[in-house]
Amino acid sequence: MSAPRISERRTIVSEIESVLARAHSDGTRDVPRTLVITAGPGSGKTHTLRALTDGLVGQVRFAGADELSWRQPFGVAADLLGAELPAPIPERFGDKLYALVDAMCAERPLVLMLDDAHNADAASLELIFRLSGAARDLPLVILLGRRHLPERELLVRLLARPGVHEWQLPPLADAELDALTVEYLGATPDSALRALLSTSGGNPMHAISLLRSLEQSHRLDISAGAASVIPGTDADLGTETTDVIAGHLALLGPDARALAQKLAVWGGPATLADLAALDGSAPAALVGAAQTAIDAGIIGTDDAGALAFTHDLYADVTYSQLDPTLRAVLHDAVANHPSVAAQPQMSAHHTLAAGTDESTIADAVRRAEIDLENTPAVAVDLLDSIAARTDGGPPPRVHSDLAIALARSGQLARASEVAAEGLAHAAGIEEIASLHSILLFALVNKGDTDRACDLIDETLQLPVGDEVTETLRDLRAYNRILDGSRPIPLTPLFDVDNEAQKRSVQGVVGEALRRFLVGDLDEALRLSMLASRRVGDDKPAPVSVNSSADVWPPLIELYAHGPNAAAELLTAMSQLRASRAADWMTSYHELSQGGVEFSLGNFDDAAATWDAALDRLSAADMGWTSLAEGGQAVMEVLRGDIAAASTRLDEWDRRSLRNQFGMPEVERARTLLLESTRRLRPAAHLAAQTWSHAESLHLYTWLAVFALDCARIGTRARDSDLLDLVADGLDAMPHAPTPTMAATIELACAMRSGEPAAVMTTAQATAAQLASSGNMVLTASALEESACAAALLGDKDAARDAAGRALTLTQSMGATTMSARIASRLRPMGLRIDPNAVRDRPRHGWESLTKTEVTVAELVAAGLSGSEIAARLFISPRTVQTHVSHALSKLGLRTRVELAAYVAGR
């Protein structure tokens, strides 16, 4: 006999208990808050989940998914949250459930526990995915149990997220099998029974079914507290779990077995009346069969009196053993049952499984698609099953319908694959055009512009009209500007004076972005606003590549006139977004909002906004995140969080995504990272490389932002070649800069001269101009140059004054790297300044809160929910949660109830 197994399972469960306890009680963000237990069928996931949450303080909510669950949009989520499930599902119902969780967390810590998540509907899994991202900012823990199969795309993506931890549940050890036997039989197994139980491989369901079979077939002898098997009775028990389950089911009589077959095909809990109606029998006639199955431990009843299998393995084995022809007959009967026929999604499933005629299947699917209009992720599951049919092949338009559902649910990679596959099967010009449009939308938004341009070229070979041809050519030009793989044209894409009002919206957007990048900022802003005004005239479509016009004006304004003007315009564009119900645009506006907050020096607010936007964009396979990722890395360097910046940059390299517009913001972050570690020569080398690359792409607007960094690094590294490169590049700008842009250009050029007096005078003027625009980061940099120039001139009073003003800004921003850099540059010039002497904002308490955090806290105290605050401030609920989390952390509080009381107490 083999040596007893050490309880690896107990070790793993103890580890999960420890992490769960920390996550439930610890307010820090670095504790995993989404915990997943993965194991095979019958392994005891449900028992483990229940045991893990015993004794937890706060709200603990539990739900389990079954075979029927994936066909009921939001059914699992509504059950989990105790919410009423409307029919049909209204638009934005997921947002309402998200807000409900937010409200529950506002009161006290919450644990959401979902068993058999692999069976959950896609809409509920989408909500779980969203909540997993928010969990680090909420007193929320998500605990899931799942099988390896069936593999669900949303679960795979969930497991890949930061902050999600997965454990594989090991089998029971020998001592645990003994304890299981004692619990079930009230007796300790002898060596023979123990050896028989060891064939279960430590699977609890296998062991329990084995014991039930032995007990119900009278092959156990229990006496004097010991249980033993009658010799010679183990040969027909089987060694696989499904064999043991099948053996247990075989003990049922014919009537009980027929009842179990009906229940297995039904797919979930059903009443006796439901099952009796399938063959026209009386419910009373099934009572005896039901009682037999209940006594055997195979079927049980729920609180509502419905019958359900005690374990899904009984359902799986019963269904698999049923003859396919008989299975189809039962599916057809279920599909025509009045309660099922009233649920289009459920009816479509059973109609497909029954394999009835094509017209009946098509009608059922169409009704289900209409019912699933507001839950595209669930429509994906339905359409996937249709597209995978082998008998007669997929019906017409299924690929375009599936691709649209995928795109609408944010699964852009799969949407492009399905649309491309559909083009190989499409016959009609209308379907081909639809698939081309979906494929273009998916490719552009996930950043695959090369394939998008190839597709445009292919489409232009089709017999399309002049208007479509012009629109496609405009889209091609827009894509090339977006991906930054080629130099930005220095000449207009079309005759703006005569064609701007009648050109395609995408053509106007493309020209606006071209001018933005080459430095013609005021005209770029005018054209982007024109495109935005014209968007409302376009015919709406399920997915559209022409709907990005409202995204760009705030971004252009940020570079043109600074964060104060951009913040004002962003508020107006956010209101316009809300009036147009263009919720998908929220993340893109938040990317711009993050840039605004960063420039204003509100680093906490910038991080909160960028984090929320990047989280949503990542979930939707969006590829254009380089400016935010680079901006985050720059900010982390300035804050002194070097490890976080390095990790972010390494992760960016791993993902191999494009730089939006070709702007090398990520390389700017690398340059500043080198400078922060005093590797000035390598920093200067990388700065020169990055500058030359950006100049070769004609990215003059971005160069004006990078100029001050390059001039400073060139000065510190004594690299005259870099200083010359910067000045020459700025001289070559094809358009006159705006006053805000001109301020940094003039200072960078003055630094090339090496004349301290000129640098000090220009730096003071630059600081004043930048301060008036609201750009506190660049203002601090200009004051730093003024201080260094004054110190070189021997004017220590002026140097101290400029350095003090700069440090006041850097300390209020939390830019410790900038503070240390200012002090270290002045020290060799005979000026010793403590970089930590000036502190404008404390790190804890009410005064440490940012302006936005104060606003959010006051709105919480006024009784507004997270979604109401989001609507009031034109930001996402996810961003509100991050602001609340930051405020709670700074105030040493745990919940919004405590926050509201704190604010009221002030």
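Residues numbered from 1 in each chain as written. Predicted model: local features only at pLDDT ≥ 70, side-chain atom pairs only at ≥ 80, totals over all residues. Heavy atoms only, no water.

K.L.:
Describe the overall build of the chain, and please don't skip the residues or the numbers.
P.N.:
A count of helical and extended segments in the chain gives 46 helices and 10 strands. If one aligns the C-alpha atoms of the chain with their principal axes, the spans along those axes are about 105 × 70 × 55 Å. Taking all contacts inside the chain whose residues are at least 6 apart in sequence as the whole, residues at least 24 apart take part in 68%. For the chain, the computed accessible surface area is about 36400 Å², with 53% contributed by carbon and sulfur atoms. Computing the positive centroid from 80 side-chain charges and the negative centroid from 117, the chain places the two 6 Å apart. (Helix = DSSP H or I, 4+ residues; strand = E, 2+ residues; numbered from the N terminus. Contact = heavy atoms within 4.5 Å. Areas by Shrake-Rupley, 256 points an atom, 1.4 Å probe, with all protein chains shown as cover. Lys, Arg positive; Asp, Glu negative; His and termini not counted. Charge placed at Lys NZ, Arg CZ, Asp CG, Glu CD.)

K.L.:
Which residues make up the environment of Leu686, and what are the values?
P.N.:
Within the fold, Leu686 resides in helix 35 (residues 680-696). Sequence-wise, Leu686 and Glu667 are 19 residues apart; in three dimensions their C-alpha atoms are separated by 7.9 Å. Not counting residues within four places of it along the chain, the set of residues in contact with Leu686 comprises Glu667, Arg670, Thr671 and Leu674.

K.L.:
Pulling in residues and values, what's your account of the sheet that holds strand 2 (residues 59-64)?
P.N.:
Read across the open sheet, the five strands follow the order 2-3-4-1-5; overall the sheet is parallel. On the outer flanks of this sheet lie strand 2 and strand 5 (164-168), each paired with one strand and no other. Here the average twist between neighbouring strands, direction ignored, is 15 degrees. The pairing of strand 2 with strand 3 (residues 110-115) spans six bridges and is parallel. Pairing of Arg61 across the sheet is with Leu112, part of strand 3. (Pairing = 2+ DSSP bridges. Axes fitted to C-alpha atoms, helices over the stretch in contact; angles between N-to-C directions.)

K.L.:
Talk me through the environment of Ala606; I want residue IDs and the actual numbers.
P.N.:
You can see Ala606 is positioned in helix 31 (residues 603-619). Take Ala606: its relative accessible area is 0%, and that puts it in the buried class. As for Ala606 and Ile386, which are separated by 220 residues in sequence, their C-alpha atoms are 45 Å apart. When sequence neighbours within four positions are dropped, the list of residues in contact with Ala606 reads Gly594, Glu597, Phe598 and Met635. (Buried < 20%, exposed > 50% of the residue type's maximum accessible area, 1.4 Å probe, protein only.)

K.L.:
Summarise the nonpolar core; cite the residues concerned and give the values.
P.N.:
Counting residues in each nonpolar core, the largest one holds 199 residues, and the members touching the most others are Leu140, Phe516, Trp552, Phe598, Phe661, Met663 and Leu826. The contacts of Phe598, once residues within four sequence positions are left out, are Phe603, Ala606, Trp610, Val634, Met635, Leu638 and Val777. Core analysis: the next-biggest nonpolar cluster, separate from the first, contains 35 residues, Leu259, Leu278, Leu313 and Leu330 among them. (Core = buried A, V, L, I, M, F, W, Y, C linked by side-chain atoms within 4.5 Å.)

K.L.:
Can you break down the pairing of strand 4 (residues 140-146) residue by residue, with the values?
P.N.:
Buried residues dominate strand 4, accounting for seven of its seven residues. Of the two faces of strand 4, the one carrying Leu140, Ile142, Leu144 and Arg146 and the one carrying Val141, Leu143 and Gly145 are both buried. Here five bridges tie strand 1 (residues 34-38) to strand 4, and the two strands are oriented parallel to one another. Of the residues in strand 4, the one forming a bridge with Leu35 is Leu143. For the handedness criterion, the β-α-β arrangement of strand 3, helix 5 (residues 122-134) and strand 4 is classed as right-handed. (Right-handed = clockwise from strand over helix to strand, strands pointing away.)

K.L.:
Can you lay out the pattern of salt bridges for me, pointing to particular residues and giving the numbers?
P.N.:
Across all of its chains, the model carries 53 salt bridges by this definition. One salt bridge in this structure joins Lys45 and Asp116, with 3.8 Å as the shortest N-O distance. Taken together, the positions of Lys45 in helix 2 (residues 45-53) and Asp116 in the loop between strand 3 and helix 5 put the pair 71 residues apart, joining distant regions of the chain. A salt bridge links Arg821 to Glu784; the shortest N-O distance between them is 2.7 Å. With a gap of 37 residues between them, Arg821 in helix 42 (residues 816-826) and Glu784 in helix 40 (residues 776-792) connect regions that are remote in the sequence. Pair check on accessibility: Arg821 and Glu784 agree, each one buried. A cluster of three or more residues bridged by salt bridges with shared partners is formed by Glu665, Arg668, Glu675, Asp709, Arg712, Arg716, Glu784, Glu785, Arg821 and Arg825. (Salt bridge = Lys/Arg side-chain N within 4 Å of Asp/Glu carboxyl O.)

K.L.:
Can you explain empty space enclosed by the protein? Please cite residues and give values.
P.N.:
Rolled over the atoms, a probe sized like a water molecule indicates the empty space that remains. A complete count under the given rule lists four cavities of 30 Å³ or more for this structure. Put simply, the largest cavity is a space of about 600 Å³. Surrounding the largest cavity, 33 residues form its lining, Leu555, Leu558, Tyr559, Gly595 and Ser599 being those nearest its centre. When residues of the lining of the largest cavity are traced back to their parent elements, those giving at least two are helix 28 (552-561), helix 30 (586-600), helix 32 (626-638), helix 34 (665-676), helix 36 (700-717), helix 38 (739-753) and helix 40. Looking at side-chain class alone, the lining of the largest cavity contains 19 nonpolar, 12 polar and two charged residues. Space inside the second largest cavity adds up to approximately 80 Å³. In terms of lining, the second largest cavity is formed by Phe598, Val634, Leu638, Arg668, Leu672, Asp709, Arg712, Val777, Leu778, Ser781, Met818 and Arg821. Among the elements of the structure, helix 32, helix 34, helix 36, helix 40 and helix 42 are those that each provide at least two residues to the lining of the second largest cavity. Looking at the lining of the second largest cavity element by element, the count peaks at three residues for helix 40. Of the residues contributing to the lining of the second largest cavity, the split by class is seven nonpolar, one polar and four charged. (1 Å grid on protein atoms, 1.4 Å probe; cavity = no way out; pocket = protein on both sides within 12 Å on 5 of 7 lines; lining within 4 Å. Points joined across faces, edges and corners; volume = space filled by probe spheres on them. Nonpolar A, V, L, I, M, F, W, Y, C, P; charged D, E, K, R; others polar.)

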